[in-house]
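# Understanding the architecture of this molecule
So the chains spell out like this:
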Amino acid sequence: MHEILKEAVVQRKNLLEPEAMQLFAAYNIPTPGFGLAKTKEEAASVAEAIGFPVVLKVVSPDILHKSDVGGVKVGLGDVGAVKKAYEEILDSVVQKVPEAEVAGVLVATQAPKGLECIIGMTKDPQFGPALMFGLGGIYVEVFKDISFRVLPLTQKDAEEMIAETKGYQLLKGIRGEEPKDINALVEVLLKVARMVEENPQIEEIDINPLVVYEKGVLALDARVIKG
């Protein structure tokens, strides 16, 4: 069991987003620069260290949909904007979910736009861990263009998962667009599979979006639920 999971085991079922991102980083799954801030001054300091522009997101075990409670601010380009956004997030959360426990605010480098995909894992009662891949962001609800494989996962399995989705055409590049880094996507699928195999107490994973670029990928939003 990874140390991050051990520390969270006694506290709660869901890993907080910074914990999930630390776990991903331990498995070399690319994430933006990030840090957890508990004051507006800390938030400004983290932002200066990782580089502007940044995104701020409330960190709370009681809040799943952060945007719904005013818990997300994007495109923050300087220290003043970060401090103001930090205060606005906490004010909004206190107003809308006063009972929520707040661990702080995640400060992360704002990633450039790319093709949004999703990687997930759920445990089937009969077959065990099953990995899922598809188009992410808003597309996952609209198109439901996803594929599944039961673990263990081979490189061929990962390549086939990607190729059998309609999103594969977007990854290959259409209408003059450059192709995306499918090899990096395959690597992330294999790394997630290894993470699940080495940490069997993980019940569910949701990386949405995993943004795919012409070179490389970034996991922008992380959710890990343990048993």
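The structure under discussion appears in the preceding block.
As a starting point, this report considers the structure included with it. Worth saying up front: this structure is predicted, and the values here are computed from it rather than measured.

For the structure shown, the criterion picks out 13 salt bridges. Glutamate 204 is the partner of arginine 223 in a salt bridge, and the nearest nitrogen-oxygen pair spans 3.0 Å. Within this pair, whereas arginine 223 is found in strand S10 (residues 222-226), its partner glutamate 204 is found in strand S8 (residues 202-212), the two being separated by 19 residues in sequence. As a salt-bridge pair, arginine 223 and aspartate 206 come within 3.8 Å of each other at their nearest N and O atoms. Placement of arginine 223 in strand S10 and of aspartate 206 in strand S8 is noted, with a sequence separation of 17 residues between them. Residue class for arginine 223 comes out partly exposed when judged on its relative accessible area of 27%. A network of salt bridges, in which partner residues are shared, links Glu17, Lys57, Lys66 and Asp221.

Spatially, the 4 strands line up as an open sheet ordered S1-S4-S2-S3, and their pairing is antiparallel. Both outer strands of the open sheet, strand S1 (34-37) and strand S3 (72-76), are each paired with one neighbouring strand and no more. Shown here is a sheet whose adjacent strand axes are inclined to one another by a mean of 20°, direction ignored. Bridge count between strand S2 (residues 54-59) and S3: 3 bridges; the pairing is antiparallel. Across the sheet, leucine 56 pairs through a bridge with lysine 73, a residue of S3. Sheet strands touched by helix H2 (residues 17-26): S1, S2 and strand S4 (104-109). Its angle to S1, the strand with the most contacts, is close to 150°.

What follows is about the side chain of arginine 149. Structurally, the position occupied by arginine 149 is in strand S7 (residues 146-150). In terms of polar contacts, arginine 149 uses its side chain to reach the side chain of glutamate 164, at 3.0 Å. Among residues more than four places away in sequence, those in contact with arginine 149 are Pro129, Ala130, Leu131, Asp157, Glu160, Met161 and Glu164.

Note on backbone geometry: most residues besides glycine have negative phi, and most peptide bonds are trans. Backbone torsion omega between phenylalanine 52 and proline 53 reads -5°, so that peptide bond is classified as cis. Positionally, proline 53 belongs in the loop between helix H3 (40-50) and S2. Positive phi values are uncommon outside glycine, yet asparagine 28 reaches one of about 60°. Relative to the helices and strands, asparagine 28 is located in the loop between H2 and S1. According to the relative accessible area criterion, asparagine 28 is exposed, its value standing at 53%. Even without being a glycine, arginine 175 presents a positive backbone phi close to 50°. Of note, arginine 175 is situated in the loop between helix H7 (167-172) and helix H8 (182-198).

What counts, and where the lines are drawn
- Residues numbered from 1 in each chain as written.
- Predicted model: local features only at pLDDT ≥ 70, side-chain atom pairs only at ≥ 80, totals over all residues.
- Heavy atoms only, no water.
- Salt bridge = Lys/Arg side-chain N within 4 Å of Asp/Glu carboxyl O.
- Helix = DSSP H or I, 4+ residues; strand = E, 2+ residues; numbered from the N terminus.
- Buried < 20%, exposed > 50% of the residue type's maximum accessible area, 1.4 Å probe, protein only.
- Pairing = 2+ DSSP bridges.
- Axes fitted to C-alpha atoms, helices over the stretch in contact; angles between N-to-C directions.
- Contact = heavy atoms within 4.5 Å.
- Polar contact = N/O pair within 3.5 Å; in protein donor to acceptor, adjacent residues only side chain to side chain.

Keep in mind these values describe shape, not function.
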